[in-house]
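Remarks on the overall topology
Chain by chain, the residues run as shown.
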Amino acid sequence: ALWCLMMSVTPTRGCLLDLPWEDILVPHILCHLPLQQLLSLQRVSKSFQSLIQLYLANMRCFDSSQIGPAIPRAAFVNLLKDNEVLQQLALQNCSDWLTDRELLPVIGQNHHLHQIQLKGCAQLSRHALVAISLSCPNLRQLSLAHCEWVDSLSLRSLADHCKALEAVDLTACRQLKDEAICYLVQKCSRLKSLSLAVNANVGDVAVEETAKCCPELEHLDLTGCLRVKNDSIRVLAEYCPKLRSLKVKHCHNVAESSLSVLRSRGVELDVEPPLQRALVLLQDVVGFAPFINLQI
């Protein structure tokens with residue numbers, strides 16, 4: 001596709017650049033090309049450079065994975081410096097270069113963002129989350145997985161200002177305790193998906209409050225939450241009729257006695273029922289499981 005665009009520069013019957021830029025090229029042609037190729041296209045001519053800059057200024061979605069994780073700081077700033085219409089921003093695993101200095105201007109000038117992905121961006125600070133909460137009132141999806149800089153105060157700011165949130169990933173945000181999670185779910189009752197995985201500070205109090213405040217909840221990840229016990233899982237089953245999946249692997253205090261109700265409702269669980277686990281172990285050890293009559 002890039003080759004075809006470049007060939008259109010040659011003097012033939014017409015030139016690609018003769019097409020209306022804002023009405024045709026930007027919304028209907030350039031949007032189908034990978035971002036990496038578009039950036040290369042800037043080198044064709046000054047006219048193409050101007051066209052790509054117009055495209056970048058009107059881009060609705062930016063995903064750093066289309067370029068690669070090691071984007072030079074200056075390049076990132078230059079790419080989005082004129083953009084005020086972003087709706088989706090994905091900067092996962094950019095810990096080598098992304099800091100508040102690069103992110104905050106982008107957040108501050110884009111008030112229409114409804115999806116932000118910052119998984120593994122370890123060099124940011126709580127100021128980034130505060131900026132998101134103040135600038136993005138319509139935010140619906142936010143991933144902060146493995147962002148250990150997230151603290152209770154910045155999460156409270158998010159809860160106070162982004163009440164339309166539907167999906168939040170707080171995997172391995174180890175500063176957060178039950179109180180912070182409770183405040184979030186009390187303010188953001190529209191949550192459909194929540195991950196609290198790999199957080200030893202999260203226990204029954206947070207899970208029960210989530211169940212009672214978020215009746216629309218469909219997906220909950222509690223992987224490795226060692227303080228979660230059976231009682232909160234029973235509350236979850238009682239208050240969340242729309243729950244579709246629950247992850248409780250490595251939650252050693254959660255037993256089948258509390259999971260059976262969810263399992264009978266067809267909720268997808270990431271742990272096998274006791275009999276199935278026993279058969280798998282038996283097959284691994286002696287290879288006899290295939291011959292066992294499961295109807296016995």
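Our subject is the structure that appears above.
Everything in this summary refers to the structure shown in the same document. Predicted, not measured: the structure shown is a model, and the values here were computed from it.

Let us look at the pattern of salt bridges. Under the definition given, this model contains nine salt bridges. Where Asp231 meets Arg234, a salt bridge forms, and the shortest distance between an N and an O atom there is 3.2 Å. Taken together, the residues Asp231 and Arg234, both in helix 11 (residues 230–239) and three residues apart, mark about one turn of the helix. Note that Glu256 is salt-bridged to Arg263, the shortest N-O span being 2.8 Å. Exposure remark for Arg263: the relative accessible area of 24% places this residue in the partly exposed category.

Here the focus is the packing of helix 8 (residues 152–161) against helix 9 (residues 178–187). It is at 9 Å that the axes of helix 8 and helix 9 come closest, and there the two elements cross at 5 degrees. Classified by the angle between their axes, helix 8 and helix 9 sit roughly parallel to one another. Contacts between helix 8 and helix 9 involve Ser152, Leu155, Arg156, Ala159 and Asp160 from the first element and Ala180, Ile181, Tyr183, Leu184 and Lys187 from the second.

Counting 86 residues, the largest nonpolar core has Phe62, Leu222 and Leu246 as the members making the most contacts within it. Non-local contacts of Leu246, meaning those with residues more than four positions away in its chain, are made with Leu220, Leu222, Ile233, Leu236, Leu259, Leu262, Val267, Glu268, Leu269 and Asp270.

The subject of this paragraph is the environment of Pro274. Note that Pro274 resides in helix 13 (residues 274–286). Taking the C-alpha atoms as reference points, Pro274 and Glu256, 18 residues apart in sequence, are found 7.3 Å from one another.

Criteria and cut-off values
Residues numbered from 1 in each chain as written. Predicted model: local features only at pLDDT ≥ 70, side-chain atom pairs only at ≥ 80, totals over all residues. Heavy atoms only, no water. Salt bridge = Lys/Arg side-chain N within 4 Å of Asp/Glu carboxyl O. Helix = DSSP H or I, 4+ residues; strand = E, 2+ residues; numbered from the N terminus. Buried < 20%, exposed > 50% of the residue type's maximum accessible area, 1.4 Å probe, protein only. Axes fitted to C-alpha atoms, helices over the stretch in contact; angles between N-to-C directions. Parallel < 35°, antiparallel > 145°, perpendicular 65-115°, else oblique. Contact = heavy atoms within 4.5 Å. Core = buried A, V, L, I, M, F, W, Y, C linked by side-chain atoms within 4.5 Å.

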